[in-house]
Amino acid sequence: MKLIGSYTSPFVRKISIIMLEKGIIFEFVNASPYSDDSHVPHYNPLGKVPALVADDQQIWFDSSIIAEFLELRGDAPALLPADPHQSLQIRQLEKLADGISDAALVIVREQMRPGDQQSEEVLLRNREKIQRSLDMLEKNAAKGKWLNNGQLNLADIATGCMIGYLNFRRVVPNWCVERPALVKLAETLFQRESFARTTPPAA
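Residues numbered from 1 in each chain as written. Predicted model: local features only at pLDDT ≥ 70, side-chain atom pairs only at ≥ 80, totals over all residues. Heavy atoms only, no water.

Let us now look at the packing of helix α5 (residues 120–143) against helix α7 (residues 180–190). Relative placement of two packed helices is described by the angle separating their axes and the distance separating the axes. It is the contact of α5 with α7, at a shortest axis distance of 7 Å, that shows an interaxial angle of 75°. With respect to α7, the element α5 is oriented roughly perpendicular. Contacts from L134, L137, E138, A141 and A142 in α5 reach P180, A181 and L182 in α7. Residues belonging to the contact of α5 with α7 are distributed by class as follows: seven nonpolar, no polar and one charged. (Axes fitted to C-alpha atoms, helices over the stretch in contact; angles between N-to-C directions. Helix = DSSP H or I, 4+ residues; strand = E, 2+ residues; numbered from the N terminus. Parallel < 35°, antiparallel > 145°, perpendicular 65-115°, else oblique. Contact = heavy atoms within 4.5 Å. Nonpolar A, V, L, I, M, F, W, Y, C, P; charged D, E, K, R; others polar.)

As structure tokens, this is what we get:
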């Protein structure tokens, strides 16, 4: 298999971690979706990473779709329960974590614009999205039912990658304040080999 993406993307990292945890052998192709000569649109017409070229040359894109494809292969360990409703609970938390990563990416891109062209409304709206969503993830992590229950699942991985991205880009430096369950989850996840091997390179 071939994984196309950038080393800094939380969505690409999510797929890398899933494949490492499942012991799936893959080739990583570093490709920025933002460069003028990017090859990413060849794999995904939306021009986004990650994209996965499967062994049969079928191309899959969007991290949630790729995660589902990898889960359907049946490689251990399973990262979703067999029960469809329970699986949906975990997938919703995965999407919540991914949504935070999306909002963080918007902030990062906005802050790359010249100062007089940056929109305070865009920055504020996305910071509010992040704070609300982190609060919901904290509640779920504290409950320890669908997230942070001691058995690694897709929601855990997406949350860990999202927190790693917030730390890497320093988007919300105070994200950990009054969120002890998420802090504990992150500390546990970052000790795993799959997370250690996919840490974004120092800027």
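As a further point, take helix α3 (residues 63–72). For α3, a buried count of seven out of 10 residues is recorded, marking the element as mostly surrounded by other parts of the structure. Of all the residues in α3, the buried ones are S63, S64, I66, A67, F69, L70 and E71. In this fold, the buried residues of α3 make contact with α1 (10–22), β3 (51–53), β4 (59–61), α4 (84–111) and α6 (154–169). Phi turns positive one or two residues past the end of α3, at G74, with a value near 90°. (Buried < 20%, exposed > 50% of the residue type's maximum accessible area, 1.4 Å probe, protein only.)

Here we come to the nonpolar core. Judged by nonpolar contacts, the single largest core of 58 residues is most densely connected at L70, I130, L137 and L166. Shared between two domains, this core takes at least three residues from each, and those domains are domain 1 (2–73) and domain 2 (84–192). With residues up to four places along the chain from it excluded, the contact list for L166 reads I100, A104, L134, V171, V172 and W175. (Core = buried A, V, L, I, M, F, W, Y, C linked by side-chain atoms within 4.5 Å. Domains from an automatic or database assignment.)

A separate point is unusual backbone geometry. A cis geometry characterises the amide bond from V49 onward to P50, with omega recorded as 5°. That bond from A76 to P77 is cis: its omega, 0°, falls within 30 degrees of zero. With respect to the helices and strands, P77 occurs in the loop between α3 and α4. Of note in the backbone geometry, D62 takes a positive phi value of approximately 80° without being a glycine. Tracing the sequence through the fold places D62 in the loop between β4 and α3. With a relative accessible area of 37%, D62 lands in the partly exposed category. Positive phi outside glycine occurs at N148, with the angle close to 65°. Among the structural elements, N148 can be located in the loop between α5 and α6.

Moving on, we get to the domain arrangement of the protein. Here the domain parsing of the protein yields domain 1 (2–73) and domain 2 (84–192). Put simply, the middle of domain 1 and the middle of domain 2, counted by C-alpha atoms, are 20 Å apart. Each partner contributes to the interface: domain 1 provides 13 residues, whereas domain 2 provides 18 residues. Between domain 1 and domain 2, a total of about 1300 Å² is buried, with carbon and sulfur atoms accounting for 63% of that surface. Broken down residue by residue, the surface that domain 1 buries against domain 2 is led by P10, F11 and K14, which jointly contribute 36%. One can count four salt bridges joining domain 1 with domain 2. The residue D98 makes a salt bridge to K14 at a minimum N-O spacing of 2.7 Å. Across the domain 1-domain 2 interface, the total number found is six residue pairs in polar contact (both at pLDDT 80 or more). Of all elements in the fold, only α1 and α3 reach the threshold of two or more residues within the side of domain 1 that touches domain 2. If you tally residues by element for the side of domain 1 that touches domain 2, the top one is α1, at seven residues. (Buried area = accessible area lost by both parts, 1.4 Å probe. Salt bridge = Lys/Arg side-chain N within 4 Å of Asp/Glu carboxyl O. Polar contact = N/O pair within 3.5 Å; in protein donor to acceptor, adjacent residues only side chain to side chain.)

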